[in-house]
Amino acid sequence: MKSLQAIDPEIASLIGMEEQRQKDVLEMIPSENYTSAAVMEALGSVLTNKYSEGYPRKRYYQGNAIIDDIETLAQERAKKLFCVPYVNVQALSGSPANDAVYFGLLDPGDTIMGLALSFGGHLTHGARLTFSSRFYRSVQYELGNDCRLDFDAIWKLAKKEKPKIIVCGFTAYPRRIDFAAFGKIADEVGAYLMADISHIAGLIVGGVHPSPVSHAHVVTTTTHKTLRGPRGALIMVTEKGIKKNPDLPALIDKAIIPGLQGGPHDNQTAAIAVALKEASSSAFKTYAHQIVKNAKALASELSDRGFDLVSGGTDNHLLLIDLRGKKVNGSVAALALEVAGIVVNKNTVPFDPMPPFFPSGIRLGTPAVTTRGMKEKEMKKISIWITSAVDEVSGAELPRDPEKRSVMWKNMRKEIRANKKLLTLATEVRAMTNHFPTP
Ligand code: DSN
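The notes below deal with the structure included here. None of these values were measured; they are calculated from a predicted model.

1. What about the overall build of the chain?
Point 1. When helices and strands are tallied, the chain shows 18 helices and 15 strands.
Point 2. A compact globule built from 439 residues would reach a C-alpha radius of gyration of about 22 Å, and the chain, at 22 Å, matches this within 12%.
Point 3. Over its C-alpha atoms, taken along the principal directions, the chain stretches across nearly 60 × 60 × 45 Å.
Point 4. With 439 residues in all, the chain has 58% of them scored as buried.

2. Some remarks on the sheet that holds strand S11 (residues 308–309)
Point 1. Sheet architecture is open: four strands sit in the order S11-S12-S15-S14, paired in antiparallel fashion. A strand with exactly one partner marks an edge of an open sheet, and here the two such strands are S11 and strand S14 (345–347).
Point 2. Pairing analysis gives two bridges linking S11 to strand S12 (residues 318–322), with the strands arranged antiparallel. Of the residues in S12, the one forming a bridge with leucine 309 is isoleucine 321.
Point 3. Strand contacts of helix H13 (residues 282–304): S11, S12 and strand S15 (361–365), with the helix running at about 20° to S12, the strand carrying the most contacts.

3. Side note on the layout of surface pockets
Point 1. One number sums up the size of the largest pocket: a volume of about 860 Å³.
Point 2. Lining the largest pocket are 25 residues, and of these Gln22, Asn33, Tyr34, Thr35 and Met40 lie nearest its centre.
Point 3. Counting only elements with at least two residues in the lining of the largest pocket, the list comes to helix H2 (9–24) and helix H3 (37–43).
Point 4. Residue contributions to the lining of the largest pocket peak at six residues, all from H2.
Point 5. Approximately 660 Å³ is the volume found for the second largest pocket.
Point 6. Lining the second largest pocket are 33 residues, and of these Leu117, Gly121, His122, Thr171 and Arg363 sit closest to its centre.
Point 7. When residues of the lining of the second largest pocket are traced back to their parent elements, those giving at least two are helix H5 (94–105) and S14.
Point 8. A per-element tally of the lining of the second largest pocket places H5 first, with four residues.
Point 9. In terms of residue class, the lining of the second largest pocket is built from nine nonpolar, 18 polar and six charged.

The rules we used
- Residues numbered from 1 in each chain as written.
- Predicted model: local features only at pLDDT ≥ 70, side-chain atom pairs only at ≥ 80, totals over all residues.
- Heavy atoms only, no water.
- Helix = DSSP H or I, 4+ residues; strand = E, 2+ residues; numbered from the N terminus.
- Rg over C-alpha atoms; globule rule 2.2 N^0.38 Å.
- Buried < 20%, exposed > 50% of the residue type's maximum accessible area, 1.4 Å probe, protein only.
- Pairing = 2+ DSSP bridges.
- Contact = heavy atoms within 4.5 Å.
- Axes fitted to C-alpha atoms, helices over the stretch in contact; angles between N-to-C directions.
- 1 Å grid on protein atoms, 1.4 Å probe; cavity = no way out; pocket = protein on both sides within 12 Å on 5 of 7 lines; lining within 4 Å.
- Points joined across faces, edges and corners; volume = space filled by probe spheres on them.
- Nonpolar A, V, L, I, M, F, W, Y, C, P; charged D, E, K, R; others polar.

Have a look at this one:
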């Protein structure tokens, strides 16, 4: 940081402030985590200086012998950890990874079928306004009335629409995913099954969530969520995938380059390799188990305090809370919690009558606080703070009329930011987080 401080004190100071913020608060956005110092060292290395279009030993530029070894190591570690025969480590992040699978396997206009965004799917799973619905025909499944996957409805939709790819794996689904049931449906309709395990990759390698590898043809994941690596992604083809189409690895490699990307980010590839090494340790298994234990403890404490948990609880790292019972809009609650030092995200809940920017719920999770060493005892404290913060804004529902809502939200934001009770909670939070160092 010394040279950065000398060259650009403004950015150095902002990074320092962000570092302090990350230490002071409870980071509870379930897709965030604290990566290790070793991962960051690889990420900030000289590897950022190199161009390496192509793949190991098939590069367009000279000088890539060492980069070849790094990329091969990342590939081999991923293959071993996830038990797959092929992996591409070059996708720059999760959305480009999913886009590459579609680009490689589909023609424009082919049908993809994923969970609707408002029910916990991802933008790239066929949501309106995205690449995935503009260039492909997107059909979307929803959850059942119990807010769980309804395999009967999914099967019927697949049979009717005949998608070429069925996407499973979600961003706001707190329950275990039955990959076998998805695999059976995909096989029956002749579709590829793509499992996007971005949220739960760390839980899968840690042995606390079943793996999709025997049921899916293609598996994608980001590397920076529960897997705790740098930003980045993996695209994997399973034995089942190669059996269905032996060309899948070549199609995906070609989709990445020349299809969608130029040179890979070699510093990112090395950092992914480091994270994969860390994730294969027994300490990581303990970590993954603790993430789930913490999420379950938090769910039970919050339920006891009158919160309405979507689907009634959690099997994984995240909780989705419907705040309509508390008479608070998700945006209002998320801001109040932020002022109180607890960082979550507003989120739609299944069958949400409100728009995505002002949804009825919040989503929170335990991967980052578990990295800091917090356990069930701390989850109880956190649930008490969450309750106090949300109770402080109870009654703050926002109108559905956009104009009225905009005026009300503007005034409310000012009040919440200055709320003394919330600011006091933040000092209590800080007193605790100081005892739990970040990596
Ligand atoms: N932003 C990710 C998440 O929070 O789940 C999805 O892209």
